[in-house]
Amino acid sequence: MEDNTIKDVPKRKKPAEKKTAVSKPLKTADKADNDLMKLFKEFKKNYDEQQSGNFEAIIDETQFKGMYREMVHYYNESGHLHIRNLLKILETLSAYAEGDFSKTLEKLPGKQILANEKLDLLKDNLQGIVSELEQLTTAARGGNFSIRADASRFQGDYGQLLNRMNQTLDMFADKIYLYEAIIDAFPFPISVTDSDMNWTFINKASEEVTGLKRKNVMGKQCSNWNADICKTDRCGIAMLKRGNLTSYFKQPGIDKEFRVDAAYILNDKGERIGHIEIVQDVTAENRKKDYQSAEVNRLTARLKALAEGDLTFETDVREADQYCGEVRQNFVHINKSLEEAKKALNEITHLAREIASGNLMVSIQKRSEKDDLMAALNTMVGRLTDIAKSVQTSAAQVASGSQHISSGTQELSQGTSEQAANVEEISSSMEQMNGAIEQNADNAKETAKIALKVAQDAKDSGKAMSETVSAMKSIADKIGIIQEIARQTNMLALNAAIEAARAGQHGRGFAVVAAEVRRLAEKSQASAKEIDSLSKTSVDIAERAGRKIEDIIPGIQKTSELVEEISISNGEQADGIAQVTRAVQQLEQVIGQTASAAQEMASTSQQLSAQARQLRKKTAFFKVNLSDVDIAESFKVYAKPKSGAQIRKKDIIPDMNESEEHDDFERY
């Protein structure tokens, strides 16, 4: 390459001055040489300035004169001319570099017109490339990535640039097609918009829902989706801007429900450059949720009714649409289980009604090993059956016992009535006996006075003594009857005490009366024994008196002494008779009380019998299996004694508490 560098001019050695005739011309030549060297240096300096990029540098022409000055002037003008054209070229290139192709370089003179041609060629190439790029951009915006730049229009690196751009577009298009295919493969709609909510992409699923075509909607507002939330505050992007990522909508003409999830699209700097909305068909989910909610509410109401004991509910399940078939089957299974539970509770209710109606003969079977309810119900029925049997048996025993008590009290009442009549007769006889004894005493006294008339009176006395002996024997017989009455009274009092003890609290009053009757009967028996003893003594005395009277004639001397003894004996007899009379009166009172108590006991036994019948009537409400042994035992209350026989303890069925029966028995 040619080196245009201006080299330094070597300095010439000044010749030694010679003072000759030619010295003046030499001085002129030296001056010209110095001016030329100075000019050369200015050229060199200007060259260095131009080479360093200072194209506006010029040589100061005032430093020179004459021809040198004109030379510098034209040199500067020539440089200015080239610099001005260069600056125009640079200005045009700068405009082209900044994308302003409206600038045009004015036509340069001479060979400089080549700059015009090259700049025009540059402009045409750049505008052609821009045109190709605009075509590619327009096609890409329209979703057409198959358009390529025509590299054949350009030569050199421009053609290579477009070829490489086409290759890049091919790779980019392949990726785009791949990504589009991937996004189109998603079964749910996807919508992509820029920051102004203009569509940049929709997938196939979006086309199917909206009926729009991707190529026709690019760059248009996403409100063209025409959902019921478009242009409202429920719009997915509007909700996103308020911080809510999810919204719901319905598409006109489609009986479905959709959910849209929105999110921002960010660039590599984290700046928001658009939005993406993913739409999902939630019709099945919502329909299932609504169906399930409705059926759960119905099931809850049925379970509540079941818990409250209301078994009138139905266990049907509503028909399901195309989305809820599987959910319906689940509820069908649940309601079948509920129907089985309802059926089981109906069976238990039926058993409970049977038990409530008194039927304890129901059959209760455990439905499984863990069926505690039926086991408990069976145990309850068993225990109720035992109680009902026990109550029925006890009621039968009470009824039978009350009948026996009523019969016994009637017999006791009749016996006491007869005893009262006998006692009245005994009382009358005792009064007569008392009068006779008093008469005997008077006679004895009179006998003492009329001892002289003993013989005659002896006959009368013998006769009287015979009558006395007969009367005393009769008294002895009556006393035997009184003893028998006292014994029977004692026996009846004992029986009454036993019956009172069996009657429990209701027989307490009668037990006290029975005890008093028994005590009085024992006293009556003791008194009767004393009277019997006295009557036997009186008979002996009377017999001796008779013998004495028969021997009175030979023993008349002893008449006064015998009469005195008779008087004493009569006094003792009068006292004994008085005691017997009082005892008989007391016995009469006791018999009267016994009769009253017997009447009360009869009334009580009748009431007890009525209550027993009512109890049996009540317990008859329960239907139980009574075996022959149970029936026999229910009526085996007493082994009824023979008339006049004493009831033995072994003849009583020990239905009461054993210790209480012993206590009451021993007490009486």
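Just so we're clear, the structure is a prediction, and the values are computed from it rather than from any experiment.

The rules behind each value
- Residues numbered from 1 in each chain as written.
- Predicted model: local features only at pLDDT ≥ 70, side-chain atom pairs only at ≥ 80, totals over all residues.
- Heavy atoms only, no water.
- Patch = residues over 30% accessible without salt bridge, like charges linked within 9 Å, V, L, I, M, F, W, Y side chains within 5 Å.
- Areas by Shrake-Rupley, 256 points an atom, 1.4 Å probe, with all protein chains shown as cover.
- Salt bridge = Lys/Arg side-chain N within 4 Å of Asp/Glu carboxyl O.
- Helix = DSSP H or I, 4+ residues; strand = E, 2+ residues; numbered from the N terminus.
- Buried < 20%, exposed > 50% of the residue type's maximum accessible area, 1.4 Å probe, protein only.
- Pairing = 2+ DSSP bridges.
- Axes fitted to C-alpha atoms, helices over the stretch in contact; angles between N-to-C directions.
- Phe/Tyr/Trp six-rings, centres within 6.5 Å; stacked < 30°, edge-to-face > 60°.
- Lys NZ or Arg CZ within 6 Å of the ring centre and 35° of its normal.
- Parallel < 35°, antiparallel > 145°, perpendicular 65-115°, else oblique.
- Contact = heavy atoms within 4.5 Å.

**Topic: a nonpolar patch on the surface**
Taken together, Leu86, Leu87, Leu90 and Leu93 make up a surface patch of nonpolar side chains, about 280 Å² in accessible area. Note that Leu87 resides in helix 2 (residues 66–97). Judged by relative accessible area, Leu87 falls into the partly exposed class, the value being 39%.

**Describing the sheet that holds strand 4 (residues 257–266)**
Strand pairs in the sheet, formed through backbone hydrogen bonds, run parallel or antiparallel to each other. Read from one edge of the open sheet, 5 strands run 2-1-5-4-3, paired in antiparallel fashion. Lying at the two open borders of the sheet, with one neighbouring strand each, are strand 2 (199–202) and strand 3 (246–250). For this sheet the average axis-to-axis angle between neighbouring strands, irrespective of direction, equals 25 degrees. The sheet contact formed by strand 1 (residues 190–194) and strand 5 (residues 272–281) spans 5 bridges and is antiparallel. Each bridged residue has a counterpart across the sheet, and for Ile190 the counterpart in strand 5 is Ile278.

**Digging into the packing of aromatic side chains**
This model, assessed by the stated rule, comprises 4 aromatic pairs. Where Phe43 meets Tyr75, the ring centres are 4.6 Å apart and the plane angle is 50 degrees; that geometry is what we call tilted. With a gap of 32 residues between them, Phe43 in helix 1 (residues 23–51) and Tyr75 in helix 2 connect regions that are remote in the sequence. With 6.4 Å between their ring centres and 85 degrees between their planes, Trp225 and Phe249 make a pair best called edge-to-face. With Trp225 in the loop between helix 6 (214–217) and helix 7 (236–241) and Phe249 in strand 3, the pair connects residues that are 24 residues apart, well separated along the chain. Side by side, Trp225 and Phe249 carry an identical accessibility label, which is buried. Here a set of aromatic residues connected by ring pairs shows up, and it is made of Trp225, Phe249 and Phe258. A cation over a ring is seen here: Arg272 above Tyr264, with NZ or CZ 3.8 Å from the ring centre. Against the face of Phe313 rests Lys342, its NZ or CZ located 5.0 Å from the ring centre.

**What about the packing of helix 2 against helix 3 (residues 113–141)?**
Orientation of helix 2 relative to helix 3, taken along the N-to-C sense of each, is 5 degrees, at an axis distance of 11 Å. For the element pair helix 2 / helix 3, the angle class is roughly parallel. Mapping the contact onto sequence places Ile89, Thr92, Leu93 and Tyr96 in helix 2 and Ala115, Leu119, Leu122, Lys123 and Leu126 in helix 3.

**Here we look at unusual backbone geometry**
A positive phi angle, close to 65 degrees, is found at Asn226, a residue other than glycine. In this structure, Lys231 takes a positive phi of about 60 degrees despite not being glycine. For Lys231, the location among the structural elements is in the loop between helix 6 and helix 7. Of the residues examined, Lys231 reaches a relative accessible area of 75% and is grouped as exposed.

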